[in-house]
Amino acid sequence: MGGRRAVLLRAVNVGGAQLPMAELRQIATDLGATEVATHIASGNLLCTPPGAAADFDRALERAVEERFGFFREAISRTGHELRAALEAFPFEVHERRFCYVVFLLHQPDPDAVAAAAEIDTGAEQWRLIGRDVHVRYADGAGRADPRLDRALRRLRTPGTARNLNTVARLVELLDA
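Only a predicted model underlies this, so the values are computations on that prediction, with no experimental measurement involved.

Novice: Could you give an account of the environment of W126, naming the residues involved and the relevant values?
Specialist: Mapped onto the elements, W126 comes out in strand β6 (residues 125-129). Excluding residues within four positions of it along the chain, W126 makes contact with F91, V113, A116, A117, T121, V133, H134, V135, L148, A151, L152 and L155.

Okay, structure coming up:
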């Protein structure tokens, strides 16, 4: 249990993985969640899940896969965890849309973190804080140095990124 939270789905409504938010809300409701809402069409579900959040996340993943034919990780954070990630952002913020938090499914293994740190990511900056990777892109995510993606893949745990504007809005919505 744990109250209302954000359940963030990785990579929906991009690359052919179409997931209408109305259908995501219905799936969550069918799984027993209450206070169900979504924010923008990028897989941001707000709800109070029945029982343990991790159990709900796995059930949501299975339900989306069964209904839509693609698998996407669901990664939950409470409002407190989202706020803490926002406040912990370690880099100077020139443009919030270039600054992201990658919410990881699991805490990366220290060896994986060391392997990721070996890659020079050029002008792109990243830092692991807890289960979250904070990223500051030099010129935006769409023009990121590919070495950053290689470094983050070395962490060996799925994650889903949201820019600081979206994280702040999710905090507001959970606080409402």
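Novice: Let's hear about the side chain of D145: which residues, and what values?
Specialist: Its place among the elements puts D145 in the loop between β7 (132-136) and α5 (146-153). Of the residues examined, D145 reaches a relative accessible area of 19% and is grouped as buried. Excluding its chain neighbours within four sequence positions, the residues that come into contact with D145 are T121, G122 and E124.

Novice: Help me get a handle on the pairing of strand β3 (residues 44-48), residues and values and all.
Specialist: Counting buried residues along β3, 5 of its 5 residues qualify, which places the element largely inside the surrounding structure. Going residue by residue along β3, you find N44, L46 and T48 tucked away on one face and L45 and C47 tucked away on the opposite face as well. As defined by bridge partners, strand β1 (residues 5-9) adjoins β3 across 4 bridges and the pair is classed as antiparallel. Bridge pairing in β3 links L8 to N44. Where strand β2 (residues 34-39) meets β3, 4 bridges bridge the pair, whose relative direction is antiparallel. Note that in β3 the partner of A37 across the bridge is L46. With antiparallel pairing between neighbouring strands as the criterion, β2 and β3 make up a hairpin whose turn holds 4 residues, including I40 at a positive phi of roughly 45°.

Novice: Let's hear about the sheet that holds β6: which residues, and what values?
Specialist: With respect to topology, 4 strands assemble into an open sheet ordered β6-β7-β5-β8, the strand pairing being antiparallel. Edge positions in the sheet fall to β6 and β8 (159-163), since each of these pairs with one other strand and no more. Here the strands of the sheet are splayed against their neighbours by 20° on average, with no regard to which way each runs. Relative to β7, strand β5 (residues 99-104) runs antiparallel, the two sharing 5 bridges. If you follow V101 over to β7, its bridge partner there is H134. Contacts from helix α6 (residues 164-175) reach β5 and β8, with the element oriented near 90° to β8.

Thresholds applied
Residues numbered from 1 in each chain as written. Predicted model: local features only at pLDDT ≥ 70, side-chain atom pairs only at ≥ 80, totals over all residues. Heavy atoms only, no water. Helix = DSSP H or I, 4+ residues; strand = E, 2+ residues; numbered from the N terminus. Contact = heavy atoms within 4.5 Å. Buried < 20%, exposed > 50% of the residue type's maximum accessible area, 1.4 Å probe, protein only. Pairing = 2+ DSSP bridges. Axes fitted to C-alpha atoms, helices over the stretch in contact; angles between N-to-C directions.

Read these as layout, nothing more, since geometry by itself doesn't imply function.
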